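Listed here are the chains, written in short residue letters.
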Amino acid sequence: MLNRTDEFLEDALYIRDLAKKHNKFFEESIPLIASENIMSPMAMEMLLTDFGFRYAEGLPHKRYYQGNYYVDLLEDRVIDLGRALFNSKYIDPRPLSGTNANMGVLYAFTKPGDLISTPALSGGGHISSASFGAVGFRGLKTVNYPFNVDEMNIDIDGTIKVIRENKPKICWFGQSVFLFPTPLKELNDVFNEVNCKVVYDAAHVLGLIAGKQFQDPLREGAEILTGSTHKTLPGPQHGIIVGNGSEEDWKKVQRGIFPGTLSNHHINAMAALGITMSEHLEFGESYAKQIIKNARLLGEELNKYGFKVLGEKNGFTKSHTLAVDVSENGGGKYVAETLEKCNIIINKNLLPYDNNKKSMNPSGIRLGTQEVTRIGFKEQDIKYLAELINDAVIKHRDTNSVKDDVIEFKSQFNEIKYCFGKYKPYQYVEIFK
Ligand SMILES: Cc1ncc(COP(=O)(O)O)c(C=O)c1O
């Protein structure tokens with residue numbers, strides 16, 4: 001019988017073992033979740049530093065605690081890197097996540113009871129811009145833009161009408177299923193007419209924007225851009241706000257983050273973000289180009305195999321993401337679970353016309369090419385991936401046999417690309433002895 005201490009050690013070792021097994025599982029899997037990525041070796045190192053154990057409330061050089069000499073130098077440099085990457089006046093690198101960035105901006109520009117316009121959840125909108133998410137937490141009302149399924153984008157005329165009739169305090173854009181650029185330029189007149197703030201949630205497409213391969217929202221009518229820094233920008237789980245408006249507005253945004261929606265920011269993650277941004281300045285363009293090339297090709301290949309890939313009219317996607325209607329292949333839940341048995345990791349997803357479907361069993365799946373591109377997938381690899389997906393879902397090949405092929409195939413991808421230094425991804429780093 002173990003004494004208490006040993007029992008607790010056993011718990012701790014059990015958790016550590018889960019982490020090791022999880023790493024191994026991802027080493028042997030093909031990760032296609034559109035909201036994830038892996039970090040570079042130098043960025044990853046930052047997470048283990050003492051920065052992670054300190055408080056630095058407030059802004060650089062105006063802190064409440066001592067001990068922030070190097071933190072201030074770090075934050076100054078991270079802000080400079082962000083301004084260079086996004087060609088912007090202002091950067092706030094403190095939000096702990098994309099949701100936190102959104103909360104800070106909502107806090108800055110609205111009061112409870114205000115109305116804002118947002119993408120509908122069924123049109124790919126994110127829960128943080130829904131009434132049961134951050135928007136509701138601020139006590140706001142929402143009105144949604146109509147969606148055009150053929151274009152896989154918000155409907156321009158309908159959106160103009162919604163904005164004109166409702167005069168929202170903020171016109172909010174950006175989705176979690178973000179296939180095509182938002183038609184901001186076409187909406188500029190109505191933005192001016194109703195005198196709203198224009199906020200663009202770039203969580204998904206941040207690295208594509210920074211790599212100059214998507215749209216440039218700050219030059220197309222948005223004043224504020226928010227984002228997660230761990231999707232197409234391959235950094236830490238963290239958030240960022242980018243601004244190009246007035247100084248007065250920017251001060252409100254900064255107060256929306258601290259003290260509005262957080263006290264301390266996570267300094268180790270901010271350091272990792274700085275390194276990610278320096279790498280993206282160096283490699284971001286070629287990385288973003290390859291991500292999009294891979295996504296479009298995967299769309300074409302799956303379409304050839306008979307999958308109903310949405311957005312066909314416009315080449316399936318102009319981002320990292322694909323949306324596929326699998327209602328005739330067993331539904332989103334079945335397909336996602338079948339692929340997981342083959343070590344191909346995707347998520348089920350609601351589609352714009354899934355009005356009566358539950359989010360736990362929608363008609364669609366969502367796939368993203370940013371992580372496989374990061375480990376070196378090129379055109380021939382994407383073609384083989386489409387073949388494996390076809391084998392599992394349409395041909396109903398035995399999942400164990402597909403899984404064997406996936407493990408064998410994945411073992412060829414042993415290096416993180418588009419970053420400084422060399423590192424074999426998904427390896428467990430041992431510190432405990
Ligand atoms: C459009 C959009 N906004 C915000 C978020 C939230 O980001 P985070 O998970 O960093 O809070 C997501 C997450 O996927 C998203 O898709």
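Here, every reference points to the structure presented above.
Residues numbered from 1 in each chain as written. Predicted model: local features only at pLDDT ≥ 70, side-chain atom pairs only at ≥ 80, totals over all residues. Heavy atoms only, no water.

Before going further, it helps to spend a moment on the pairing of strand β5 (residues 115-119). Counted residue by residue, β5 has four buried out of five residues, so it is predominantly covered. Alignment of β5 against strand β6 (residues 141-145), held across five bridges, turns out to be parallel. If you follow Leu115 over to β6, its bridge partner there is Lys141. Pairing of β5 with strand β9 (residues 170-173), which is carried by two bridges, proceeds in the parallel orientation. By the bridge assignment, Ile116 is partnered in β9 with Ile170. (Buried < 20%, exposed > 50% of the residue type's maximum accessible area, 1.4 Å probe, protein only. Helix = DSSP H or I, 4+ residues; strand = E, 2+ residues; numbered from the N terminus. Pairing = 2+ DSSP bridges.)

Attention shifts here to the site of the ligand. Surveying the vicinity of the ligand reveals 14 residues, the closest of which are Gly98, Thr99, Ser176, Asp201 and Lys231. The separation between an oxygen atom of the ligand and a polar side-chain atom of Ser228 is 2.9 Å. Between the ligand and Lys231, the relevant distance is 2.9 Å, taken from an oxygen atom to a side-chain nitrogen or oxygen of the residue. In isolation the ligand exposes 390 Å². Once the protein is present, 87% of that is buried. When residues in the shell around the ligand are grouped by element, the largest group, three residues, is from helix α4 (residues 98-109). Among the residues forming the shell around the ligand, the class breakdown is one nonpolar, eleven polar and two charged. (Near = heavy atom within 4 Å. Polar contact = N/O pair within 3.5 Å; in protein donor to acceptor, adjacent residues only side chain to side chain. Areas by Shrake-Rupley, 256 points an atom, 1.4 Å probe, with all protein chains shown as cover. Nonpolar A, V, L, I, M, F, W, Y, C, P; charged D, E, K, R; others polar.)

This paragraph deals with the environment of Cys171. Residue placement: Cys171 occurs in strand β9. Overall, Cys171 belongs to the buried group, its relative accessible area being 0%. With 105 residues separating them in the primary sequence, Cys171 and Gln66 have C-alpha atoms 40 Å apart. In this view, Cys171 contacts Ser117, Tyr145, Ile163, Phe191, Cys196, Lys197, Val198 and Val199; residues no more than four positions away in its chain are not counted. (Contact = heavy atoms within 4.5 Å.)

Let us look at the sheet that holds strand β14 (residues 321-325). Sheet architecture is open: four strands sit in the order β13-β14-β17-β16, paired in antiparallel fashion. Among the strands making up the open sheet, the edge pair consists of β13 (308-309) and β16 (347-349). Pairing analysis gives three bridges linking β16 to strand β17 (residues 364-368), with the strands arranged antiparallel. Each residue of the ladder has a partner; that of Asn349, found in β17, is Gly364. Contacting β13, β14 and β17, helix α11 (residues 267-304) runs over the sheet at an angle of about 20° to β14. (Axes fitted to C-alpha atoms, helices over the stretch in contact; angles between N-to-C directions.)

Moving on, we come to the layout of surface pockets. Approximately 530 Å³ is the volume attributed to the largest pocket. Taken together, 21 residues form the lining of the largest pocket, with Asn37, Ile38, Met39, Glu371 and Tyr426 sitting closest to its centre. Of all elements in the fold, only α1 (4-27) and α2 (41-47) reach the threshold of two or more residues within the lining of the largest pocket. With three residues, α1 is the single largest residue contributor to the lining of the largest pocket. Taken together, the residues of the lining of the largest pocket sort by class into eleven nonpolar, eight polar and two charged. Roughly 340 Å³ of internal volume is contained in the second largest pocket. In terms of lining, the second largest pocket is formed by 14 residues, of which the most central are Leu121, Gly125, Ile127, Asn349 and Leu350. Among the residues forming the lining of the second largest pocket, the class breakdown is six nonpolar, six polar and two charged. (1 Å grid on protein atoms, 1.4 Å probe; cavity = no way out; pocket = protein on both sides within 12 Å on 5 of 7 lines; lining within 4 Å. Points joined across faces, edges and corners; volume = space filled by probe spheres on them.)

Glancing now at α4. Over its twelve residues, α4 extends 17 Å from the first C-alpha to the last, a length consistent with the 16 Å expected when each residue adds 1.5 Å. Along α4, nine of the twelve residues are buried, which leaves the element largely enclosed by surrounding structure. Among the residues of α4, those classed as buried are Gly98, Asn100, Ala101, Asn102, Gly104, Val105, Leu106, Ala108 and Phe109. Measuring from the side-chain oxygen of the N-cap residue of α4 to the backbone nitrogen of Thr99 gives 3.4 Å; that N-cap residue is Ser97. (Expected span 1.5 Å × (residues − 1).)

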